[in-house]
Every structure is written in structure tokens, then in C-alpha cells.
Amino acid sequence: MPDSPAGPPSPPIPLAGLLAREELGLHRIAGPDHADLLWVHTSEMADPYPYLLGGELVLTAGVQLADADTYVARLVQAGAAALGFGVAPVHDTVPEALVEACERHGLPLLEVPPETRFAAIARAVWRLMAEARHRELRRVTRAQQALATAAARPDPVPAVLRQLALQLEGRVALLTADGEVLHAAGGRTAPDVRAALARLARVVTPAPPASPTTSASSVSSTSPASSVSPTSPASSGSHASSASPASSGSPARKPSPSSATDTRGGSQLSAYALGGAQGLSLVLATPRRESGDHTVAGIAVVLLSLLTAPHQGADAAGRSAALVRLLLGATPQEVAPLLGDGDSWTVVHARRTDGAPADALTAGALAAALGSALSDVDRETVRVLLPGVAEVAPQPRWTLGASEPTPASALPAADAQAARALGHAEATHAALTRHRPGIGGLADLIPPDRAEAHSRALLAPLTEPLAETLRCWLSLHGSWGRTAVALRIHRNTVRQRIARCAALLDADLDDMDVRTELWFALR
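On a predicted model such as this, the values are computed, not experimentally measured, just so you know.

Draft legend 1. Geometry of unusual backbone geometry. With an omega of 10 degrees, the peptide bond between Ala 88 and Pro 89 qualifies as cis. Of note in the backbone geometry, Arg 488 takes a positive phi value of approximately 60 degrees without being a glycine. By the secondary structure assignment, Arg 488 is in the loop between α15 (480–487) and α16 (491–505). The class for Arg 488 is partly exposed, based on a relative accessible area of 47%.

Dropping the structure here:
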């Protein structure tokens, strides 16, 4: 087949769509019933092969038709999609030899009635292409708007993936360079499909550079994607398109393709490399591959690349300098000015309301929504550090606990305040709970040093876990269930700890005077 340029901007037209145009009177009399039409080409040459690009509906009246089998074989070699034969003025009927040849070579054969002009068929195909292109543009536009809206949500990465799965009606996932699933959306897939997606992701994910002592044979034996060429189909049927230059430091390495496709068990698989040096890839498994899917996926790739890429700037430089100084022995109050303006900080603890674990991307998105770039995640709990006297607002799908504004020297105490506030918020099903500092009252009438000494003496028999359980239990008015939720322990454990506190303190915790004295001591 001759070298063909890139396809036209319009999507292909299914043969069934052209046959449905009753005014043309076309009938399929041989060959398969499915074909995708890219062009219409009229030719009365004995061998039109040199003039075909592939995907054409070839129209002929058979002026020079001599050997039907050779004629059809050459059309199939050239990649023609179908053949339309006009029964006038040369032939009164479609030659039987042509029907048999098309059936044998698998080329759809259409009978064109005498009253239908070839120009009318060409015009109908281009009208169908224009309609298909218009539908595709509307679909891509709607998908672009939906994905952009998702990217503006508090959890942009999962939201973009959910919207992409909805638009493509399939399964999508964001994978690390090690093949770990960071986020996924859409229906479940079979194990063999998941394995094929992981292999496809390794095709587009740049492999780490080999050490100088690593032999070429050892690299090829450990790299599952080593047999995939970025410019040719892989042996398994996958296709990769390359857009990345090879590293100048390792001339033997092949460039990593920007995307790759494959099929497995009726599922259409795709993988796309995300921009940046994170080694992330987007993989998709859809029941079919429709026109516009690649464009929609490309929009998602751009958005996900922007959302997951590390952003370097003045703020990032300040954070880097602060980290270096901390590692070299500086105190938090010495590096705090590098991280934000103001002398006070607010610590926020957060957990997903659906109980889903958090990751660095989700934590960063929450921190950005709260107005900070300083975040950390420990399993399901996200911690955010807000400079200044920040106004913490509730966030959708998150439960938050916020400390009071505190100087950098007292950040550990603020961290404990935020943790307690988060536990209180979860126990009371509140979206946000702020730590409430003392605002005067009887407690302020006692000198702080004497109050602290009395508190230490009164609570001396209690260990830290027992004292924290008692403080939480008193703050929730003696509720066993809410205390268990706030401390994330079993209700029976709460009962055992409170009973132990009563025994060690030799106090009746049902007595309000006892509770009041203990509450003042714990505060």
C-alpha cells in the first residue's frame, strides 16, 4: 500500500450510514457489511492502486474491467474500504466474477443503480462526514467543559478521572511509574485487562536510566516493554506513537512513546504518559473506540499533567530553603518567615468523609483549596499548615479540625489541638470544628503556675492515653459512642479506660463537681 498521510480531519463514515440514504438506492451484494469510509474516489483505470490512499469508496462503471480477481486484490492491497459498481452504461448487471472476487477477498461491493450519479454518492458521503464532524465537535466540547469543571473541584484529580470515565464509558486509572494505582474510576475490569493495562503503561512510562555497569541484555530481560517499538506495532497488537526524544546521556535507549493502544478481551486499551518528571501514566479500558475518544483523553492528559506536576516558583524556593535550614539545625521559628507572612499559624487536620485514604495529590488539592501549599498526609489524615490568621472554611467531602492561631514555637500544641478538633467533628458529624481557647471565666482567676501544679498533681496517676480519653469523654458530655468515634477506638475500650481513670483517681465520674474539677485540670 502506498505511504498515506495523516487521515482527514473528519471522522470516518460507517458503510451502513451511506446505505441508509434511500435516495441513493445503493445495495450491498457481496463482502462484509461493515466498513469505514474516509474518501470517495472515481476511477475507470484497470489498476487504480497507485492513486489510492486507503479507506476509499472506489466507484467504477467497469470500463476497463478485465480480470475481476486481480482488480479486487489490488484494491484490497491499496486499503480500499469498499467498491461501488455502476450498472450503466457499460454493464447491465454487476459481473458475477466481480461479486465472487469481492466475496473471496472480503471487500464490500455495492450496486449503484443507473439513476444514481457518482457525484451524488460523493456529495452524500461528505455530508455524512460533516454531520459526524459536527457531532464529534459537540461531544468534545461538552467533554472539555465537564473535565475543566472537574479540574476546578476541591479534589481535582479524582474528579477529572471520574468525569473521564463517564465521558468514555469505561475504566480509567492513574498509575505511578511502579504500576501502583493512585486513583481509579469507572467499572471494574477483568484481571487480564488490568495486567494488559499495566504492561501498556510501562510502554509509555520512561524507564529509569540504566547504570553504566548494567549490560544491555540485563536491561532487555527485565523490561517488559523492551520489545515494543515506539514507531511500530508491538507483537501483542499494541500501537505506540512517539513524541519524546531519547536521552542524550544514554544513546542506546529508545525514546518512550507518548501514547500506546492495545485490545484485550473485547476491551479497547489506551495508555498516555503525563507530562513532568513524575513518571505517571493514564490508562483507559473502554468497550469500543469511537471518534473523538483520543481527543477527549488528550484533554484529560493535559489537565492531569498540570494538576500533578510539581510547580516551581518563589513559594517553592522558600519551602526548599526552609527544609534545608531545618535539616541543618534551624528552629521552626527561624524558618517560619520563609514559609509565609505573619507571626501565627493555623494547623488543620482533615479526613475524607467517605473513609477513603488520602494521598499526596489529594492532600495538595485540599491545601490549595484552603489557601496553602504546605500539606502532609499520614494514611487517611491530611495535615495542612496555614500561615497567618487564616479563615478555615468547610470543604466538600472532607471533615476538618482546626487549631487556634499560634506562633511557630507552639506548633506541636496546635497540632494536638487540630487532632482533637477533628475527632470532635467526626464524633458530632460536623464538617468543621475549631479549637476553642479559653475566653476568660473562673479558670482565669487562678494564677497559671498554681493551676498547672494542681493539674499535674491531680492527673499524676493517669497515663497520656487515659488522660486524653478522659478529656475527650468529658468534652462530649460522657457519650461513649461519640468518644469512640473521636478517638477511633472501640466503645468497650472507652468504657474500660474511663473505668480505669475512675479507679486511679479514686473519684466518682458521675459526680458533676468531680467532672468539673477534672475538666479544668485537663484544660
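Draft legend 2. Inspection of the confidence of the model for the protein at higher detail. In the predicted model, the protein carries a mean pLDDT of 81, and the fraction of residues at 70 or more is 84%. Per-element confidence in the protein is highest for strand β6 (residues 82–86), whose mean pLDDT is 95, and lowest for helix α7 (residues 216–222), whose mean pLDDT is 33. Within the model, the stretch residues 242–252 combines pLDDT values under 50 with 14 contacts to residues more than four positions away or in other chains.

Draft legend 3. Spatial organisation of the pairing of strand β13 (residues 281–286). Burial analysis of β13 places 6 of its 6 residues in the buried class, which makes it a mostly covered element. The alternating pattern of β13 places Ser 281, Val 283 and Ala 285 and Leu 282, Leu 284 and Thr 286 on opposite faces, both of which are buried. Taken together, the 5 bridges between strand β8 (residues 171–175) and β13 define a ladder with antiparallel strand orientation. Bridge assignment links Val 172 to a residue of β13, and that residue is Leu 284. Examined bridge by bridge, strand β12 (residues 267–273) and β13 share 6 bridges and lie antiparallel to one another. Considered in β13, the bridge of Tyr 272 is made with Leu 282.

Draft legend 4. Quick peek at helix α11 (residues 360–370). Those residues of α11 that fall on the buried side of the exposure criterion are Thr 362, Ala 363, Ala 365, Leu 366, Ala 367 and Leu 370. Close packing links the buried residues of α11 with α5 (156–168), β9 (181–185), β14 (344–352), β15 (375–378), β16 (381–387) and β17 (398–402). Of the residues flanking the start of α11, the one acting as N-cap is Asp 359, its side-chain oxygen 2.7 Å from the backbone nitrogen of Thr 362. One or two positions beyond α11, positive phi appears at Gly 371, with a value near 95 degrees.

Draft legend 5. The arrangement of the environment of Pro 32 in detail. Here Pro 32 lies in the loop between β2 (27–30) and β3 (36–37). Here Pro 32 falls in the partly exposed class, since its relative accessible area comes to 36%. Between the alpha carbons of Pro 32 and His 105 there is a distance of 9.9 Å; along the sequence they are 73 residues apart. Non-local contacts of Pro 32, meaning those with residues more than four positions away in its chain, are made with Gly 106, Leu 107 and Pro 108.

Calculation criteria
Residues numbered from 1 in each chain as written. Predicted model: local features only at pLDDT ≥ 70, side-chain atom pairs only at ≥ 80, totals over all residues. Heavy atoms only, no water. Helix = DSSP H or I, 4+ residues; strand = E, 2+ residues; numbered from the N terminus. Buried < 20%, exposed > 50% of the residue type's maximum accessible area, 1.4 Å probe, protein only. pLDDT = per-residue confidence, 0-100. Contact = heavy atoms within 4.5 Å. Pairing = 2+ DSSP bridges. Polar contact = N/O pair within 3.5 Å; in protein donor to acceptor, adjacent residues only side chain to side chain.

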